[in-house]
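Close look at the chain arrangement
Spelled out, the chains give:
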Amino acid sequence: METTVDFNVTKVERSKLNDLSLENIPFGKFFTDHMLEADYENGEWKNVEIKPYQPLLLEPSLAALHYGQSIFEGIKAYKFENGDAFIFRPYDNWKRFNKSAERMCMPEVPEEIFIDGMKQLIELDKNWIPAKAEHSLYIRPFMFATDPVLGVKPSLTYKFLILLSPTGPYYAEPMKIYVEEKYTRAAPGGVGFSKNAGNYGGSMMAAKEAQKLGYDQVLWTDAFEHKWLQEVGMMNVVFVINNTAVTPSLDEGTILEGVTRASVLTLLEEMGLQVEERKINIDEVIEAYKKGSLKEVFGTGTAATIAPIKELRYKDFAMKFDAWTVAPKVKGQLNNIRYGRSDDRFNWLERI
Ligand code: COI
C-alpha cells in the first residue's frame, strides 16, 4: 500500500488548560487542545493533520453510521515524577487495531500515522498528562467508513483520528459483576476479538439490566451453554485459584486480546504465580469458591486498569470477596513501571 505522509500541524492560539483543572476529571469527558486526522482515499492515506480539537462535518449517508464499519483503541500515556512522558505498549495496540481493521474489511493504518502521529500529538499536548497517582492521558485512536452511499459493502474511503483525554481511574471502587446468561456478546467466527464499535453498542442492554439489579457490569458467557466465561464488559477477567491465575484463552476469537491482560500475566508469573490461559466455566469457579480455593477475581483493561471484584453473582448464588492480595500487588508492580518507579524490564514504555 502506498503511503504519503505529510504531517501538517496547526496549533491552538490559547490552550484550554488555562481554564481547566485536572483534579477529579471524569473518564473521557475532556479533550486536549489538538487531535490528529487522516483520510483514506484511492488506496492511500493522505491529509494527515494535527489540528485544534474540533467538530467534524460529515454526510448523513456516512457508511459507518449505517453499517458499523467503525473500530477504536484505548491506550494510555503516563508522566514520571521528573516530567518525562511515556506511552504504554502502543505497538501492541497498533497491531490489534490493524487486526480489527482486517476483520471489518477496513484498511490498515501504517506505523508512521498511528505511532509517529500519536507521539507528535502527545508531544504537543504533553502538559495535559496529569502528574498524579492513578491518572494518565487516555489515547483514543479510531477509524470509520466515510463513503456517502447506502449500499452494503466495504467503504472505499475512511477517516482515522486520534483524540487525547486526561483521565483518573474508571472504577474507583471494587466491582459487583453479574454472570450473563441471557444475552451473548460473541460467538466463534464472529467479531468478539475485534475492537469494533458495535461490540460495545450490543453489550449495553445486558449492562443496563445488570445495573438495575445493583451490579456494575456483566461477565459474558459463551453463546451455546452460557457457562464458559469470556470477559467482563470493558475488561478481561482473572481468577486466582490457590496459587494459580486462570484467565479465559483467546483461542475462540470471542474475547479481546487485552494489552493490560498480557502485561498482568507476565507480572503474575514474575511474582511466582502459575498462569493458565484456558477455557474456564462457571461451575469450576463456584466449586473453587465453595472449597475456599478461589482467592480473588479481578478485571484488567486499559481504562479500568486492575479492578478488584467484590461480588460475582451467578443465578441466585453470590460469591463475595472483601480482601485482595494479588490484585493490588500486581497493580503496584504495573504502576511502578508505568510511573517510572521501577525498571522497564519488559520494554513496555515508548518515550515521547
Ligand atoms: C479501554 O480499556 O480502553 C476500553 O476499551 C474501554 C472503553 C470502551 C472505555
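Up top is the structure these notes are about.
These remarks concern the structure in this document. (Residues numbered from 1 in each chain as written. Predicted model: local features only at pLDDT ≥ 70, side-chain atom pairs only at ≥ 80, totals over all residues. Heavy atoms only, no water.)

1. Points about the packing of aromatic side chains
Definition in use: Note on aromatic contacts: the rings of Phe and Tyr and the six-membered ring of Trp form a pair at centre separations within 6.5 Å, being stacked when their planes are under 30 degrees apart, edge-to-face when over 60 apart, and tilted otherwise. In our convention, an over-ring charge means Lys NZ or Arg CZ found within 6 Å of a ring centre and within 35 degrees of that ring's normal.
In total, this model carries 20 aromatic pairs according to the counting rule given. Each member of the aromatic cluster is reached from another via a ring pair, and the members are Y40, W45, F97, F114, Y158 and F160. The ring of F317 carries the charged tip of K290 above its face, separated from the ring centre by 5.1 Å. In this arrangement the basic side chain of R338 is found over the ring face of F88, its NZ or CZ atom lying 4.7 Å from the centre.

2. Comments concerning the nonpolar core
Put simply, the rule is: Throughout this description, the term nonpolar core refers to a set of buried Ala, Val, Leu, Ile, Met, Phe, Trp, Tyr and Cys residues connected via side-chain atoms within 4.5 Å. The cut-offs for exposure are 20% and 50% of the maximum accessible area for each residue type, with area from a 1.4 Å probe on protein chains only; residues under the lower value are buried, those over the upper are exposed, and the others partly exposed. The contact criterion used is simple: two residues touch if any of their non-hydrogen atoms lie within 4.5 Å.
With 46 residues, the main nonpolar core has W45, F114, I122, I139, M143 and F160 as its most contacted residues. The contact partners of F160, leaving out residues within four places of it in the chain, are L36, E37, A38, W45, F97, V109, I113, F114, P141, F142 and M143. In this structure, L219, V246, A304 and Y314 belong to the second largest nonpolar core, which totals 26 residues.

3. A look at the pairing of strand β7 (residues 136–145)
Inclusion rule: Only DSSP runs of H or I covering at least 4 residues are called helices, and only runs of E covering at least 2 are called strands; the numbering of each starts at the N terminus. Two strands form a pair only when DSSP identifies at least two bridges running between them.
Most of β7 is tucked away: nine of the ten residues are buried. As defined by bridge partners, strand β4 (residues 70–72) adjoins β7 across three bridges and the pair is classed as antiparallel. When the sheet's bridge partners are listed, S70 is paired in β7 with F144. For β7 and strand β8 (residues 158–167), the ladder comprises ten bridges, and the chain directions are antiparallel. Looking across to β8, one finds that L137 is bridged to P166.

4. Quick look at the side chain of T244
Turning to its location among the elements, T244 is positioned in strand β13 (residues 244–248). In contact with T244, not counting residues within four places along its chain, are F239, Q274 and E276.

5. Concerning the site of the ligand
Selection criterion: We call a residue near a molecule or strand as soon as one heavy atom of that residue lies within 4 Å of the molecule or strand. Pairs of N or O atoms are called polar contacts if they sit within 3.5 Å, as long as, within protein, a hydrogen donor faces a hydrogen acceptor (for residues adjacent in sequence, only side-chain-to-side-chain pairs). Using the Shrake-Rupley algorithm and a 1.4 Å probe, accessible areas are obtained, with residue cover drawn only from the displayed protein chains. Residues are grouped as follows: nonpolar covers Ala, Val, Leu, Ile, Met, Phe, Trp, Tyr, Cys and Pro; charged covers Asp, Glu, Lys and Arg; every other residue, Gly included, is treated as polar. Throughout, the edges of the domains are those of an automatic or database domain assignment.
In the vicinity of the ligand, the residues found are F27, F72, G74, Y138, R140, K195, Y200, M234, T302 and A303. The contact in question runs from an oxygen atom of the ligand to an N or O atom on the side chain of K195, over 2.3 Å. Within the backbone of T302, a nitrogen or oxygen atom sits 3.3 Å from an oxygen atom of the ligand. In isolation the ligand exposes 280 Å². Once the protein is present, 91% of that is buried. For the shell around the ligand, the per-class residue count stands at six nonpolar, two polar and two charged. Taken domain by domain, the makeup of the shell around the ligand includes at least three residues from each of domain 1 (2–169) and domain 2 (175–338).

6. Describing the packing of helix α6 (residues 259–270) against helix α8 (residues 326–338)
Put simply, the rule reads: In this analysis an axis means a line fitted to C-alpha atoms, helices contributing only their contacting stretch, and an angle means the value between N-to-C directions, from 0 to 180 degrees. Any angle between 65 and 115 degrees counts as roughly perpendicular, while under 35 counts as roughly parallel, over 145 as roughly antiparallel, and the rest as oblique.
For the pair α6 and α8, interaxial distance at closest approach is 10 Å and the crossing angle is 105°. The orientation of α6 with respect to α8, classified from their angle, is roughly perpendicular. Contacts between α6 and α8 pair T260, S263, V264, L267 and L268 from the former with V326, V330, Q333, L334, I337 and R338 from the latter. Taken together, the residues that form the contact of α6 with α8 break down as seven nonpolar, three polar and one charged.

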